[in-house]
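Residues per chain, in single letters:
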Amino acid sequence: MADSSTRRRVKLYMLNEDRQWDDRGTGHVSSAYVERLKGMSLLVRSETDGSILLESKIQPDTAYQKQQETLIVWSEADNYDLALSFQEKAGCDEIWEKICSVQGKDPSVDITQDIVEESEDERFDEMPDAAPPIELPACELSKLDEISELFSSVLPSPIRREKLFYAIETDGYIKKLLDLFHMCEDLENIDGLHHLYEIFKSIFLLNKNELFEIVFADETIFDVVGVLEYDPSLPQPAKHREYLRNTAKFKEVIPITNQELLNKIHQTYRVQYIQDVILPTPSVFEENMLSTLTSFIFFNKVEIVSMIQEDEKFLTTLFAELTDDETDDNVRRDLILFLKEFCTFSQTLQPQSRDSFFKTLSVLGVLSAIEIILGLDDTRMKAAAIDIFSYIVEFSPSMVREFILREGQSHDDDDLLINLVIEQMINDTDPELGGAVQLMGILRLLIDPENMLATSNKTEKTEFLSFFYKRSMHVLTAPLFANTVDERPSKDDFQTAQLSSLILELLTFCVEHHTYHIKNYIISKDLLRRVLVLLKSRHAFVALCALRFMRKIIGLKEDFYNRYIVKGCLFKPVVDAFKDNGNRYNLLNSAIIELFEYVKLEDIKSLCSHVVESHIKDLEVVTYVTTFKSLKMRYEQQQERLKEKASLDGTPSLLRNNRYRRDARAMDEEEEMWFDQDEETDDGDCTVHMSDLFKSKFPNCVVTVEREPVDTEFDPINRKVKEQPADLRDSPPRLLNKSSPTININLRAGAGSPEASPNSPPGSPGSPGSPDSPGCTNDPCPTPNCSPSVPSSPVEKANTITAKRPTLVGLVDYPDEDSDEEEEDEEAPSAKRQRLAT
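- As named in an unreviewed UniProt entry, the protein chain is Serine/threonine-protein phosphatase 4 regulatory subunit 3A, taken from Mizuhopecten yessoensis.
- Taken verbatim from the UniProt record of the protein chain, the Subcellular location (unreviewed entry) comment is "Nucleus".
- Heading Sequence similarities (unreviewed entry) of the UniProt record for the protein chain holds this comment: "Belongs to the SMEK family."

Right, dumping it as structure tokens:
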């Protein structure tokens with residue numbers, strides 16, 4: 001016999017505004033006198049922390065209902081329904097007796113009071129004898145018309161519904177009606193069968209759990225389904241019984257020894273079928289009249305999930321067979337479909353119970369099982385596995401990320417769970433890509449920094465995103481790169497276009513949320529150039545996705561991205577698309593104009609100058625908007641300001657440069673001109689020529705000096721150099737800022753050794769499978785990848801200056817190092833840039 005703590009263990013539920021039961025916690029119930037409430041009350045204390053979950057006075061006029069032998073349901077006030085779900089029947093009976101003793105009722109009843117609405121109360125206070133007991137007509141074939149009319153007439157009145165319920169329950173009327181159903185079927189009495197359909201529809205609308213217990217019992221449910229086949233609105237009777245008996249077979253993939261669980265599964269399926277398929281969609285007036293039926297199914301599902309979860313042998317056997325290589329494919333398919341159904345049922349659980357449920361599945365190896373299924377060729381099994389995976393990711397993305405990181409230590413890229421999911425998305429056979437859309441949502445949840453946790457020693461964001469960009473991003477972008485090798489998309493059918501749009505949507509999300517990693521990826525793979533090839537797709541939605549990707553990048557207003565766009569002349573595909581669109585006033589036209597309008601309004605000077613200098617001839621012919629005229633005007637104003645500044649500064653700036661230069665290390669005029677040829681403005685900074693100093697100290701070293709102009713290539717570790725404060729910029733002791741020379745020292749055996757400097761970074765690989773990126777028509781700048789040696793003669797100096805001006809072929813492939821500071825602070829000074837002081 002169970003002890004009192006087990007007997008009184010309950011779950012407290014509250015009905016929310018959506019007519020769904022919310023789990024308010026698990027605890028132990030008792031009844032006691034509460035001084036504050038001045039009466040006997042029901043108390044529920046939490047089993048976790050002992051806090052009071054419920055303190056409810058047993059009012060003498062409150063209607064308490066006992067349902068399914070382990071449920072007590074009542075209403076505290078308007079729209080405030082509560083339920084206690086007991087672990088054991090004995091505990092429910094004990095508390096029920098306490099309630100009945102307080103109200104002076106017989107514990108054998110299942111409801112302690114008549115449920116009366118306030119308006120009905122007021123009406124019947126004035127007419128106390130207006131609701132006499134309902135006497136049911138004799139259950140005969142000739143009376144079916146009269147019975148049907150009586151049942152439908154009482155539904156508008158809550159009091160008369162209660163009276164009818166008592167009469168039906170007391171008289172055993174449902175079984176008598178089912179006997180008449182058999183007679184009508186034998187006699188093929190269609191009118192009688194139609195009347196019986198209306199009668200049983202009214203019984204359902206009485207919304208009484210006690211009546212549902214009768215109609216859904218094993219011995220009666222098929223007869224009730226038979227009655228509901230004869231809907232008068234149908235030309236022919238439906239064949240629901242035939243479907244439930246012959247077509248809908250229950251496959252017992254793992255033998256269920258618990259007979260109670262087996263019966264509950266069968267009953268729940270049949271009742272769900274009645275609610276979803278057989279019963280007509282309730283009208284607005286009937287919407288809340290089937291709430292008890294919904295609750296009946298809900299509590300059944302809770303019981304099923306709880307019983308299966310507690311059966312450790314059943315679940316262990318299920319996962320062992322699911323992951324066994326010897327398991328037959330048909331059996332494996334049934335197992336995964338059962339697991340999917342099991343997870344679907346779990347959605348009825350409240351968060352606390354779902355947490356326990358998914359932790360149990362995780363311990364048993366559900367993610368490993370999904371990984372195995374996704375590696376098979378069975379479409380139906382894969383679809384079921386994806387559904388299960390989506391349930392798990394939606395509930396706990398961190399649990400999935402932890403699994404992916406752990407398996408990354410021992411698995412190749414092709415075998416990683418996340419890459420199998422991406423491949424499933426890419427290879428979706430559905431013409432509408434329904435599965436791919438679902439999988440994109442899952443991936444978005446997994447890479448969303450907003451739901452990533454931070455611990456004391458590391459951040460999930462840093463670790464997982466580094467992993468994703470190293471091991472998975474190339475899988476996601478492979479279709480996009482493969483389709484944009486040439487100037488036009490290689491494949492432009494609808495399915496390929498839709499897949500491209502999904503990938504672009506995910507990449508746009510990354511641009512917005514993954515500042516460091518996606519920036520690194522875009523530059524190293526020249527991704528934006530490849531994306532803009534899709535502007536030539538014949539599918540407008542893909543072209544708009546490509547444009548949206550560029551708009552998101554420009555919207556960040558980062559100099560790093562702006563320099564990349566200018567150096568690569570990446571406005572050219574946009575201008576070409578604008579010209580090809582012609583005079584059509586469509587979404588693409590508006591989106592492109594908005595892009596240029598944004599550049600103008602936000603006054604992004606580098607982009608504004610580039611657009612005017614390179615593309616204004618193609619754009620200024622567009623006069624139906626003032627965008628391009630204003631853009632040109634803003635550029636001209638900027639140029640005027642620069643000229644005025646230059647004329648004000650004049651030669652004194654050169655004097656300031658020479659003023660602090662030391663003769664022993666001073667660069668000659670020609671070399672200074674080489675460094676300053678691409679400068680947009682003169683900062684007034686001094687530069688020191690250190691070659692003689694290093695040659696004297698290190699005779700076997702070759703010293704190369706390079707100076708990075710203001711608008712030169714991108715910073716090697718993806719960060720901008722902070723500008724010196726004004727008071728330090730002109731101060732003689734601090735000679736170096738952003739235009740300081742970089743000293744590259746090559747230690748070698750002899751002065752004539754041909755070895756390259758080990759400090760010279762290699763050229764970054766271009767995007768996979770792509771031809772050399774076309775350079776901009778503007779004169780290119782020297783890149784950080786070609787550091788000139790200090791020339792020893794005027795001729796060599798001239799040759800060096802000429803050799804220092806290659807076209808931009810590759811972009812720097814940055815290291816994958818990451819930290820929270822790197823992601824958040826784009827302005828940190830480069831640790832690798834040498835700083836010299838005199």
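What follows continues from the structure just given.
### Looking at the overall build of the protein chain
Then, in step 1: A count of helices and strands for the protein chain gives 37 helices and nine strands.
Then, in step 2: Here the protein chain holds 838 residues, and 49% of them are scored as buried.
Then, in step 3: Looking at the protein chain alone, contacts between residues at least 24 apart form 69% of all its contacts between residues at least 6 apart.

### Details of the packing of aromatic side chains
Then, in step 1: On inspection of all chains with the given rule, the structure shows 26 aromatic pairs.
Then, in step 2: Residues Y64 and W74 carry aromatic rings whose centres are separated by 5.3 Å and whose planes lie at 40° to one another, so their mutual orientation is tilted. Highlighted residues: Y64 in the loop between β4 (52-57) and β5 (65-67) and W74 in strand β6 (residues 71-77), separated in sequence by 10 residues.
Then, in step 3: Taking the relative accessible area as the measure of exposure, Y64 reaches 0% and is therefore buried.
Then, in step 4: For the pair Y243 and Y273, a centre-to-centre distance of 5.4 Å together with 15° between the ring planes defines the contact as stacked. One end of the pair, Y243, is in helix α10 (residues 240-247); the other, Y273, is in helix α11 (residues 259-278), with 30 residues separating them in the sequence.
Then, in step 5: Assessed through its relative accessible area of 33%, Y243 is described here as partly exposed.

### Quick look at a nonpolar patch on the surface
Then, in step 1: A grouping of Y33, M40 and V102 is seen on the molecular surface, where their side chains present a nonpolar patch of about 260 Å² in accessible area.
Then, in step 2: Its place among the elements puts Y33 in strand β2 (residues 21-34).

### Points about helix α17 (residues 379-395)
Then, in step 1: If you check α17, its first and last C-alpha atoms are 25 Å apart, about what 17 residues at 1.5 Å a residue would give, namely 24 Å.
Then, in step 2: Of all 17 residues making up α17, 12 are buried, and the element is well covered by its neighbours.
Then, in step 3: Among the residues of α17, those classed as buried are M381, K382, A384, A385, I386, D387, I388, F389, S390, Y391, I392 and V393.
Then, in step 4: In this structure, the buried residues of α17 make contact with α14 (329-346), α15 (351-364), α16 (366-374), α18 (397-408), α19 (417-426) and α20 (434-446).
Then, in step 5: Between a side-chain oxygen at the N-terminus of α17 and the backbone nitrogen of R380 the separation is 3.0 Å; the capping residue is D378.

### Re the environment of S501
Then, in step 1: Mapped onto the elements of the fold, S501 is located in helix α23 (residues 494-513).
Then, in step 2: Residue S501 is classed as buried on the basis of its relative accessible area of 9%.
Then, in step 3: Along the sequence, S501 and A543 sit 42 residues apart, while their C-alpha atoms lie 8.7 Å from each other.
Then, in step 4: Ignoring any residue separated from it by four or fewer positions in sequence, one finds S501 in contact with F541 and C545.

### Considering the pattern of salt bridges
Then, in step 1: A full pass over the atoms with the stated rule returns 27 salt bridges.
Then, in step 2: With its nearest N and O atoms 2.9 Å apart, the salt bridge here joins R551 to E594. Here R551 is found in helix α26 (residues 540-555), whereas its partner E594 is found in helix α29 (residues 587-601), with 43 residues between them in sequence.
Then, in step 3: Ionic pairing is found between K557 and E602, a salt bridge with its closest N-O pair at 2.8 Å. With K557 in the loop between α26 and α27 (559-567) and E602 in the loop between α29 and α30 (605-619), this pair connects stretches of sequence that are 45 residues apart.
Then, in step 4: Among the ionic contacts, a cluster of salt bridges with common partners joins K66, K89 and D93.

### Topic: the packing of α14 against α17
Then, in step 1: As a packed pair, α14 and α17 sit with axes 9 Å apart at the nearest point and diverge in direction by 30°. Relative to α17, the element α14 lies roughly parallel. In the crossing of α14 with α17, the sense of the turn from one axis to the other is left-handed. Packed against α14, whose contacting residues are D329, R332, R333, I336, L337, L339, K340, C343 and T344, the element α17 presents R380, M381, A384, A385, D387, I388 and Y391 at the interface.
Then, in step 2: The residue makeup of the contact of α14 with α17, split by class, is nine nonpolar, one polar and six charged.

### Topic: the environment of A591
Then, in step 1: Positionally, A591 belongs in helix α29.
Then, in step 2: In this structure, the C-alpha to C-alpha distance between A591 and F578, residues 13 residues apart in sequence, is 9.8 Å.

### Considering the pairing of β2
Then, in step 1: Pairing between strand β1 (residues 9-15) and β2: seven bridges, direction antiparallel. Counterpart to L15 in the pairing with β2 is W21.
Then, in step 2: Joining the antiparallel neighbours β1 and β2 is a turn of five residues, in which R19 adopts a positive phi near 60°.
Then, in step 3: Sheet topology note: the β2/strand β3 (residues 39-46) ladder contains eight bridges and is antiparallel. Bridge pairing in β3 links V29 to V44.
Then, in step 4: The hairpin turn running from β2 into β3, its antiparallel successor, is four residues long, and K38 in that turn takes a positive phi close to 55°.

### Things to note about the confidence of the model for the protein chain
Then, in step 1: In the predicted model, the protein chain carries a mean pLDDT of 76, and the fraction of residues at 70 or more is 73%.
Then, in step 2: Predicted confidence for residues 116-130 stays below pLDDT 50, and this span has nine contacts to residues more than four positions away or in other chains.
Then, in step 3: Between residues 701-838, whose pLDDT stays under 50, and residues either more than four places distant or in other chains, the model counts 261 contacts.

### Looking at unusual backbone geometry
Most peptide bonds are trans, and most residues other than glycine sit at a negative phi.
Then, in step 1: If you check the backbone angles, E188 has positive phi at about 55° while not being a glycine.
Then, in step 2: With respect to the secondary-structure elements, E188 resides in the loop between α6 (173-187) and α7 (190-205).
Then, in step 3: Positive phi, close to 50°, is recorded for C569, a residue that is not glycine.
Then, in step 4: Following the sequence through the fold, C569 ends up in the loop between α27 and α28 (572-581).

### Remarks on the pairing of β4
Here is the key point about a regular strand: its side chains alternate between the two faces of the sheet.
Then, in step 1: With five bridges joining them, β3 and β4 adopt antiparallel strand pairing. Across the sheet, residue L43 finds its bridge partner in β4, namely E55.
Then, in step 2: In this structure, the hairpin formed by β3 and β4 is closed by a connection of five residues, where G50 is found at a positive phi of approximately 80°.

So, how was this worked out
- Residues numbered from 1 in each chain as written.
- Predicted model: local features only at pLDDT ≥ 70, side-chain atom pairs only at ≥ 80, totals over all residues.
- Heavy atoms only, no water.
- UniProt positions renumbered as here; feature names shortened; annotations may be inferred.
- Helix = DSSP H or I, 4+ residues; strand = E, 2+ residues; numbered from the N terminus.
- Buried < 20%, exposed > 50% of the residue type's maximum accessible area, 1.4 Å probe, protein only.
- Contact = heavy atoms within 4.5 Å.
- Phe/Tyr/Trp six-rings, centres within 6.5 Å; stacked < 30°, edge-to-face > 60°.
- Patch = residues over 30% accessible without salt bridge, like charges linked within 9 Å, V, L, I, M, F, W, Y side chains within 5 Å.
- Areas by Shrake-Rupley, 256 points an atom, 1.4 Å probe, with all protein chains shown as cover.
- Salt bridge = Lys/Arg side-chain N within 4 Å of Asp/Glu carboxyl O.
- Expected span 1.5 Å × (residues − 1).
- Polar contact = N/O pair within 3.5 Å; in protein donor to acceptor, adjacent residues only side chain to side chain.
- Axes fitted to C-alpha atoms, helices over the stretch in contact; angles between N-to-C directions.
- Parallel < 35°, antiparallel > 145°, perpendicular 65-115°, else oblique.
- Left-handed = near helix turned anticlockwise from the far one by under 90°.
- Nonpolar A, V, L, I, M, F, W, Y, C, P; charged D, E, K, R; others polar.
- Pairing = 2+ DSSP bridges.
- pLDDT = per-residue confidence, 0-100.

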